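Chain and residue survey
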Amino acid sequence: MDLKSNEPFWLVKNGLLATYPSLPDDEKCDVLVVGGGITGSLIAHQCIEDGYKTILIDKREIANGSSSATTSMLQYEIDTPLNELIEKIGEKGAVASYKACSRSIDQLGEIARKIRSKAGFRKKDSLYFADLKKDVDDLKKEFEARKKAGFDVKWMGADEIIKKYDLHETYGGILSKQGASVDAFMLVHEILAYNQKKGLEVYDRTELTEVKYGSRNNEVTLNTGAVIRCKKIVYCVGYESASMIKEKFVDLISTYAIVSEVMPGISRRYKNILIWNTADPYIYLRTTDDDRMLIGGEDEEFRNPRKRDLLIGKKEQKLLRSFGKYLPHIPFRSDFAWAGTFGETKDGLPYIGTHKDFKNSYFVLGFGGNGITFSVTGMEMVSDWLKGKKHLLTEWFKFGR
Ligand SMILES: Cc1cc2nc3c(=O)[nH]c(=O)nc-3n(C[C@H](O)[C@H](O)[C@H](O)COP(=O)(O)OP(=O)(O)OC[C@H]3O[C@@H](n4cnc5c(N)ncnc54)[C@H](O)[C@@H]3O)c2cc1C
């Protein structure tokens, strides 16, 4: 599956951060992590911390799937607003999902500190603003739901937003004191390097092609001809899971992002804030660590990579126009434009759990605008399950829910 166009910003900026071998020989381990994106790296980190002999494989270069195209806003805010999620799945599950995403941001910050990351993890506030006047009532309902659930939120009127952020064409919004951003591509390599020193084996250009699921162990055949015998497999295969699993559980669409030239003076004013809105599809904005502005959105309801990439020029112009509408005082000169596949689920929640067709295995599939924070939650879930413990979120993140 073609997951992204050429030239996602972080892939170009960082270049080849590390190289990994492929695996030509047979191996044994406790846990085989399939997928070397942000999810796989985090799961492998947890497995090493928990003391399992762990191998991670990826059929591409490491972090060359969606994790190279991501814009890496880390939000506790799920694509489905809390008050709507409560209606869909009940208050307990909805609030627990939001709280888990909120915790994940701090947990990722702790990991970044522990591994002495240089991937620019930075805590930020998050402003979710009404794009149209008619969105205000719903947004106020959302504000009340979040306040009731105990989140640190503040309602900002349009005038206050203009005064504080010079952000125009809004009708008010929710300011949250929880959010962050990072360079996910770099972070993956850093997490793997840290864990390789603790025994993690990492192989790229190494594809799982066939599995014999046994009652206690699995036997995994690779494209290299080698076989890995393992007690458990954790599938962190991102959007490609859609072609592994029979039933439909995710809609794959296309999304776009652009990054500006470096503009230190301007971008610094926005360096502590993530901005997104109620439009459908929504628009989002952040700064990068090297003082650029980023705007993304303009989703299309199809996945076809050729069609997706042909639209990049047109989408770049549309994103530039949106930027000019909201921040007219900033001369955004585009330096990078790219497209990626994106996955949406019926409730905005991820799929993390077992699947009846895959014995001795777990899936950690963090979809939607919170893909990364959901992957962090996946660490704690997999860790509990491997120890035979239950996890509160199993019910709401499982297949067939
Ligand atoms: C433009 C864009 C913007 C986004 N913005 C955000 C955002 O702001 N915040 C956020 O949280 N999320 C965002 N996302 C989503 C986020 O990028 C994903 O949730 C995240 O990158 C998924 O990481 P992953 O490790 O699960 O998947 P990937 O990075 O795709 O990694 C999966 C890996 O599995 C490997 N694989 C698959 N099958 C096999 C096999 N059989 N054998 C071996 N290896 C295999 C693949 O090669 C791949 O490298 C965005 C996505 C895009 C495209």
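Scroll up to find the structure this text is about.
Just so you know, these numbers come straight off a predicted model, no measurement behind them. (Residues numbered from 1 in each chain as written. Predicted model: local features only at pLDDT ≥ 70, side-chain atom pairs only at ≥ 80, totals over all residues.)

**Notes on the overall build of the protein**
Each helix and strand counted, the protein has twelve helices and 19 strands in total. Compactness check: the protein gives a C-alpha radius of gyration of 21 Å against a globular reference of 21 Å for 401 residues, within 12% of the reference. With respect to the three principal axes, the spread of C-alpha positions in the protein is 65 × 45 × 40 Å. Out of the 401 residues belonging to the protein, those deemed buried represent 51%. The contacts of the protein with a sequence gap of at least 6 include a subset with a gap of at least 24, amounting to 74%. (Helix = DSSP H or I, 4+ residues; strand = E, 2+ residues; numbered from the N terminus. Rg over C-alpha atoms; globule rule 2.2 N^0.38 Å. Buried ≥ 20, exposed ≤ 12 C-beta atoms within 10 Å, placed from the backbone. Contact = placed C-beta atoms within 7 Å.)

**Looking at the site of the ligand**
As a structural note, the neighbourhood of the ligand is formed by 39 residues, with Gly 37, Gly 65, Gly 238, Gly 340 and Gly 371 the closest of them. Among the elements of the structure, helix 2 (38-49), strand 13 (251-260), strand 17 (334-344) and helix 11 (371-386) are those that each provide at least two residues to the shell around the ligand. The element best represented in the shell around the ligand is helix 11, accounting for four residues. Tallied by class, the residues present in the shell around the ligand amount to twelve nonpolar, 22 polar and five charged. Built from parts of two domains, the shell around the ligand gets at least three residues from each of domain 1 (1-122 + 181-245 + 350-401) and domain 2 (123-180 + 249-344). (Near = placed C-beta within 6 Å. Nonpolar A, V, L, I, M, F, W, Y, C, P; charged D, E, K, R; others polar. Domains from an automatic or database assignment.)

**A short note on the nonpolar core**
Of all hydrophobic cores here, the largest spans 117 residues; its most connected members are Leu 32, Val 33, Ile 43 and Val 234. Among the elements that make up this core, the one with the highest residue count is helix 4 (residues 91-114) (eight residues). Mapped onto the domain boundaries, this core takes at least three residues apiece from domain 1 (1-122 + 181-245 + 350-401) and domain 2 (123-180 + 249-344). In this structure Leu 32 touches Ile 55, Val 220, Ile 228, Cys 230 and Ile 233, once residues within four positions along its chain are discounted. (Core = buried A, V, L, I, M, F, W, Y, C linked by C-beta atoms within 7 Å.)

**Observations concerning the sheet that holds strand 17**
Strands sit in the order 6-7-5-14-15-16-13-17 across an open sheet of eight strands; the sheet is mixed. A strand with exactly one partner marks an edge of an open sheet, and here the two such strands are strand 6 (153-156) and strand 17. Each neighbouring strand pair of the sheet contributes to a mean axis angle of 20°, computed without reference to strand direction. As defined by bridge partners, strand 6 adjoins strand 7 (residues 173-176) across four bridges and the pair is classed as antiparallel. Bridged to Lys 154 within strand 7 is Leu 175. (Pairing = 2+ DSSP bridges. Axes fitted to C-alpha atoms, helices over the stretch in contact; angles between N-to-C directions.)

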